[in-house]
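# Overview (structure and organization)
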Amino acid sequence: MADSIASEMPIGATYEGSVKVSRTQIPLPPGKWTVTALNESSNNQFNTNATVTMANIVNGRLLGYISVSTNVDLGRNGWQTYNFCFRKDIYFLHFDSAYQREQACWGINHHIFSPTGTYSPTYGKNIQQALAEKGIDMPKVMINTVFRLANEHSYVNYEILLNPEFYGFSSTGESNWASSPWHKDLIAKDPKRRQFLDQVKEQYQGFYPILKNQFR
């Protein structure tokens, strides 16, 4: 592999406010975010792609975790389009562009998790293992805010996953994505859940222009 950010993203390092991942300064939600995993791999151009995972644990409970994926080495020919930017079945999507050399969108979805995970990062542990070591169960469902930016040379995928149980919502009955009470077709039945997603949207919509401005 050509380049690495391992020395810049040591496992256990904690960040507040923002964090620089490769070339892009990433705005962080409030609180302290601790690196739990870093994965680095080569693509078919022998360039390094990196994914960093950071968790926010408050009083022994998971508030949420974030994931930032980006290329470490500069590319030349753009990137495959990102399927998330084309989705019509999620709670919210703001779409600007989806071309090989210009991609920009962000949106909010819900994500169902299994108690254990097979993801094996280069450094650290996957989120299920990292939580298990602290005696914390992986939430069944999390609210996922996704940002995607790409140009000819770089891409960044930034995901902010919040644990609804931390905010007082029950996970009873969560078994699959389509039947979740967080699904956009079902959420109208639950004003409190809808209000929560609207608050998530309001909190993170300002991150999109910041990311666009910081994106390198």
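Just above sits the structure.
The structure contained in this document is the topic of the report that follows.

Thresholds applied
Residues numbered from 1 in each chain as written. Predicted model: local features only at pLDDT ≥ 70, side-chain atom pairs only at ≥ 80, totals over all residues. Heavy atoms only, no water. Helix = DSSP H or I, 4+ residues; strand = E, 2+ residues; numbered from the N terminus. Rg over C-alpha atoms; globule rule 2.2 N^0.38 Å. Buried < 20%, exposed > 50% of the residue type's maximum accessible area, 1.4 Å probe, protein only. Contact = heavy atoms within 4.5 Å. Disulfide = S-S within 2.5 Å. Core = buried A, V, L, I, M, F, W, Y, C linked by side-chain atoms within 4.5 Å. Polar contact = N/O pair within 3.5 Å; in protein donor to acceptor, adjacent residues only side chain to side chain. Salt bridge = Lys/Arg side-chain N within 4 Å of Asp/Glu carboxyl O. Arc of directions from axis to C-beta. Phe/Tyr/Trp six-rings, centres within 6.5 Å; stacked < 30°, edge-to-face > 60°. Pairing = 2+ DSSP bridges.

Moving on, we get to the overall build of the chain. Helix and strand counts for the chain stand at three helices and 11 strands. Its helices and strands taken in sequence order, the chain reads β-β-β-β-β-β-β-β-β-α-β-β-α-α from the N to the C terminus. Its C-alpha radius of gyration of 17 Å places the chain within 12% of the 17 Å reference for a compact globule of 216 residues. Across its three principal directions, the C-alpha atoms of the chain cover 50 × 40 × 30 Å. Residue burial in the chain is summarised as follows: out of 216 residues, 49% are buried. Put simply, of all contacts in the chain between residues at least 6 apart along the chain, 61% involve residues at least 24 apart.

Unusually for a residue other than glycine, S22 sits at a positive phi of about 60 degrees. Here S22 lies in the loop between β2 (18-21) and β3 (24-27).

Below, the discussion takes up the state of the cysteines. Summed over the entire model, instances satisfying the criterion amount to one disulfide. Here C85 connects covalently by a disulfide to C105, the sulfurs 2.1 Å from one another. Every disulfide takes its handedness from the sign of the S-S torsion; for C85 and C105 that torsion is -75 degrees, giving left-handed. Note that C85 is positioned in the loop between β6 (61-71) and β7 (92-99) and C105 in strand β8 (residues 102-112), a separation of 20 residues in sequence.

A separate point is the nonpolar core. Judged by nonpolar contacts, the single largest core of 42 residues is most densely connected at M9, F147 and Y158. If you look at the next biggest cluster of nonpolar residues, it comprises 10 residues, including L62, F113, I127 and L161.

Following the sequence through the fold, T122 ends up in the loop between β8 and β9 (123-124). For T122, a relative accessible area of 42% gives the class partly exposed. Distance from T122 to I160, taken between C-alpha atoms, is 21 Å for residues 38 residues apart in sequence. There is a polar contact of 2.9 Å between the side chain of T122 and the backbone nitrogen of E40.

The next point concerns the pattern of salt bridges. If you walk through the whole model with that rule in mind, you get five salt bridges. Of the charged contacts, one joins R101 and E152 as a salt bridge, the two residues approaching to 3.7 Å between their closest N and O atoms. Of this pair, R101 sits in the loop between β7 and β8 while E152 sits in the loop between β10 (141-151) and β11 (155-162); the two residues are 51 residues apart in sequence, bridging distant segments of the chain.

Right, let's get into helix α3 (residues 207-214). In an α-helix, one turn spans 3.6 residues; hence positions three or four apart end up facing the same way. Residues F207, Y208 and L211 constitute the buried set of α3. Looking straight down α3, one finds its buried side chains confined to an arc of 100 degrees; they lie on one side. Each element contacted by the buried residues of α3 is listed here: β3, β7, β8, β10, β11 and α2 (191-204).

Evaluated as defined, the whole model comprises 15 aromatic pairs. Measuring from ring centre to ring centre gives 6.5 Å for Y82 and F84, while their planes differ by 40 degrees; the resulting arrangement is tilted.

Once that is clear, we can look at the pairing of β2. Residue alternation in β2 divides its side chains into a buried set, V19 and V21, and an unburied set, S18 and K20. Hairpin connection, β2 to β3: the antiparallel pair is bridged by two residues, and S22 has positive phi, about 60 degrees.

A few words now on the side chain of N126. When you line up the elements, N126 lands in the loop between β9 and α1 (127-132). Assessed through its relative accessible area of 2%, N126 is described here as buried. For N126, the side chain forms a polar contact with the main-chain oxygen of Y119, separated by 2.9 Å. Excluding residues that lie within four positions of it along the chain, N126 makes contacts with G117, T118, Y119 and P121.

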